[in-house]
Amino acid sequence: MNHLQFIDTRMGTRNQHAIGHGNTLPYTGVPFGMNHFVMQTRLNESRFFHPDDYTQYGVRLTHQPSPWMGDFCQVLFNQLRLTEEEYRQLLANPTENMALNISMSSYRPDEAIFQPHYLSYKRLRDGLKQCWTVGDRGARWQVQATRNFPYHLLTITLDADSTVNLQSDGHSIHLETAQLAGSKYNQFQQYSILKSQFSLTPLVKIPLTLNQHDQVMYLFQVEAEQETIEMSLTTSYISYEQAKINRLQDDFFKGTFLDGKKHSANKWLNYLERIEVKHRDFDQVKIFYHCLWRTATFPQMGHEVDSANKTVHFSPYTGKVEAGHFFTNNGYWDTFRTNYPLYTLIIPSKVPEFIDGILSVVRADRYLPKWLSPDERGLMPGTLVDGVIADAVTKGLVDKETASLLLEAMIDSANHAGEHATEGREGVEEYLSLGYLSTNYHESVNKTLDFAYSDFCVSQLAAYLGKKELAEEYRVRARSYRHLFNVKAKQMVPRTDSGEWLETIDAHRWGEHYTEGSAWQNSLAVYHNIADLIALHGGDEEFFNHLNHLINQEPIYDVNGYGYEIHEMTEMARVQFGQLALSNQPSFHMPYLFIFVGYPQFSHLLIKQLITQLFSDEFDGYIGDEDNGSLSSWYVLSSLGIYPMTPGASQWTLGMMTWDEVTIHLESGQKIELISRNYQTPYLQVVTKRWLNGKPYLPQYLSHQELMQGIQLEQSLGAVPSIEKVAPALRPFSMDADQ
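Residues numbered from 1 in each chain as written. Predicted model: local features only at pLDDT ≥ 70, side-chain atom pairs only at ≥ 80, totals over all residues. Heavy atoms only, no water.

Asks: Would you mind showing me how to read helix 7 (residues 339-346) here?
Replies: The periodicity of an α-helix, 3.6 residues per turn, causes residues three or four positions apart to be oriented the same way. Along helix 7, eight of the eight residues are buried, which leaves the element largely enclosed by surrounding structure. Buried residues of helix 7: Asn-339, Tyr-340, Pro-341, Leu-342, Tyr-343, Thr-344, Leu-345 and Ile-346, and no others. (Buried < 20%, exposed > 50% of the residue type's maximum accessible area, 1.4 Å probe, protein only. Helix = DSSP H or I, 4+ residues; strand = E, 2+ residues; numbered from the N terminus.)

Asks: What exactly am I supposed to notice about the packing of helix 9 (residues 385-394) against helix 12 (residues 444-464) here?
Replies: Direction vectors running N to C along helix 9 and helix 12 enclose 25°, while the axes themselves pass 9 Å from each other. With respect to each other, helix 9 and helix 12 are oriented roughly parallel. Handedness of the crossing formed by helix 9 with helix 12: left-handed. Residues Asp-386, Gly-387, Ile-389, Ala-390, Val-393 and Thr-394 of helix 9 form the contact with helix 12, whose participating residues are Tyr-453, Ser-454, Cys-457, Gln-460, Leu-461 and Tyr-464. Classifying every residue of the contact of helix 9 with helix 12 gives seven nonpolar, four polar and one charged. (Axes fitted to C-alpha atoms, helices over the stretch in contact; angles between N-to-C directions. Parallel < 35°, antiparallel > 145°, perpendicular 65-115°, else oblique. Left-handed = near helix turned anticlockwise from the far one by under 90°. Contact = heavy atoms within 4.5 Å. Nonpolar A, V, L, I, M, F, W, Y, C, P; charged D, E, K, R; others polar.)

Asks: Explanation requested: the domain arrangement of the protein in the structure shown.
Replies: Many structure descriptions define interface size as the accessible area lost when the parts assemble. By the assigned domains, the protein splits into domain 1 (8-273) and domain 2 (285-662). Summarising the inter-unit geometry, the C-alpha centres of domain 1 and domain 2 are found 35 Å apart. Around 4900 Å² of area is buried between domain 1 and domain 2 when both sides are counted, 61% of it from carbon and sulfur atoms. Taken as a group, Met-11, Phe-32 and Lys-184 account for 19% of the area that domain 1 buries against domain 2, more than any other trio of residues on that side. Our count for the contact surface shared by domain 1 and domain 2 stands at two salt bridges. Put simply, Glu-423 and Lys-184 hold a salt bridge, and the shortest N to O gap is 2.8 Å. Summed over the shared surface of domain 1 and domain 2, the result is 38 residue pairs in polar contact (both at pLDDT 80 or more). Counting residues per element, the ones that place at least two in the side of domain 1 that touches domain 2 are strand 16 (228-236), helix 3 (240-249) and helix 4 (257-272). Of the residues in the side of domain 1 that touches domain 2, the class split is 25 nonpolar, 25 polar and six charged. (Domains from an automatic or database assignment. Buried area = accessible area lost by both parts, 1.4 Å probe. Salt bridge = Lys/Arg side-chain N within 4 Å of Asp/Glu carboxyl O. Polar contact = N/O pair within 3.5 Å; in protein donor to acceptor, adjacent residues only side chain to side chain.)

Asks: Help me out: how do you make sense of the sheet that holds strand 4 (residues 75-82) in this one?
Replies: The strands that make up a sheet are held in pairs by hydrogen bonds between backbone atoms, and each pair lies either parallel or antiparallel. With antiparallel pairing, the six strands of this open sheet are ordered in space as 1-3-4-10-15-14. Since the sheet does not close on itself, it has two edges, and those belong to strand 1 (36-39) and strand 14 (200-210), each with one partner. Adjacent strand axes in the sheet meet at a mean angle of 25° when their direction is disregarded. Relative to strand 15 (residues 213-222), strand 14 is paired through 10 bridges, and the arrangement is antiparallel. Counterpart to Leu-210 in the pairing with strand 15 is His-213. Strand contacts of helix 2 (residues 96-103): strand 4, strand 14 and strand 15, with the helix running at about 110° to strand 14, the strand carrying the most contacts. (Pairing = 2+ DSSP bridges.)

Here's what the structure looks like:
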């Protein structure tokens, strides 16, 4: 089975500002590659592709992780053919209208191919078939003429401050561009070398204004001598010389265009074939592999290998070439929950590179990263990269010397607020003195809870390194969430710096003290100590009732904290899961909370409904923002029946596997086999029994170490949940319960 054949990268691309169905782009690239290439159908929007458009303007080299973040170092490429009359009009009147007119063409979306490794479509205006395939740090571009026109043109559109120079050989163009949508230091650029099979002649350059930015379209005449034309593009963040080295190092550029396409395909298949799923409903299989593909589109590598065979990167922090790995386009607030735990399972050998990339930021700029694109954007609260670090270390994927460096960095960021708003922990002095952040700080509740979880992560690293006193110090800090738990409201409620509660706040009011949600979505983010949160609520039954009410109430919301309806509100309200907003990360763990009160089958029922009802293989296939692969990773892990409730605890919570059979091929050569003893049907919604390696298995969790040894885990299914409680000793990790 070639999984690439049934992945359509347009899933999740039917979006608008007011509501998202993924807010994704149809990326063509390689796993964690430097660049993506995307058809551009709209010129003046950050959502520059829409699947319902029938016209396009070419293919964009892009590094945009989200429309909310914007792009950087983007370039729009096109090839087109003109009649004699069009050519004369262009030279006589090289205006913006003329430039956009000749570059735009209709195409047939149903005939186009949008795959992870390959993009192909035909410009109906002139019959040019455009084909792209992508490597680690470049791309190959093949154009086939199906109609006769006298003039063949190449267009390159990019920021007005960029440089575009045709080289003396007449076949190569050097491009340097930046155009950063946002940046801490504004010192980042990309160098590209475009090579053409045929000679190029500069024709004209035309100033444009696109999406409120000054651009220039450079037009070159291609002296084409045959119907098929090939070009290639090599990129570097360091220099043109390094771009040449990147080309020589990459087998992707060897042989024919089809050889390059096969090379790119094999990179994806190596990733996708690590998990095999079987189901009688093939649409479910398609959704799975689309989601699995998305999990490897970000982060994007920013490092390269120099002529001395050393891994180096251009640092957007120091403005110099530095040693080590670097990855960008990653929001750790989004991805620590699901992406990175998935990587520890299926690509553990890659995790040390990700960790070295984190340390590269620390070495250059002191503080741990939060949201990189290309450098620190700092859009979300907390330093939840701590979860990525703790998860990798406790799973044995980081050596002790590196773990010590990471611990130092975590402690530094945990106890300082830098001069720049993106650095360290905002309000840390108040957090340490009061035990919480007060209403003096925006999103004070979420920041307090995120700080507490990060303190748990510090404690885990300290314990791993044998620093018992330090581990206990941060374990105490990890209980700081208790200061905001209001017994009367049964919610995390903001407090003033004098200790007064804001009890009059509507629990459905979004924003202000909460991040992208209300108290309902954000009061349960005690990932590391759920058993204690249950105790604060009054015990299992009270917490069960709280969850039941959360999910069965109307999905109402109060907009006044923001002053308007944000898209996350709309996305929650359009489905009937109450205040469970799976469209956003704070709700990712909520379906699993019934397991912690001893009623796992209520979690199974809920997970089965979320997986089967909220995802599809259509262009509107996601319930909300897909966010760097985080929602796709939730789907992948939840459908496998294993979920990382507490990154940093080296444990997987057992949910409900929704496939007939699964085989996970581990890098060690071992296999994880997941088997359902009944065929999956819509009415079988709960797990009734499990067997581990043929023996009955009662715990609701597995350690990471057990999983990585290779196991066979079987389940039998039933139609309705049982009210027989699971004993506390069989429930998943909680910090105090497992101390």
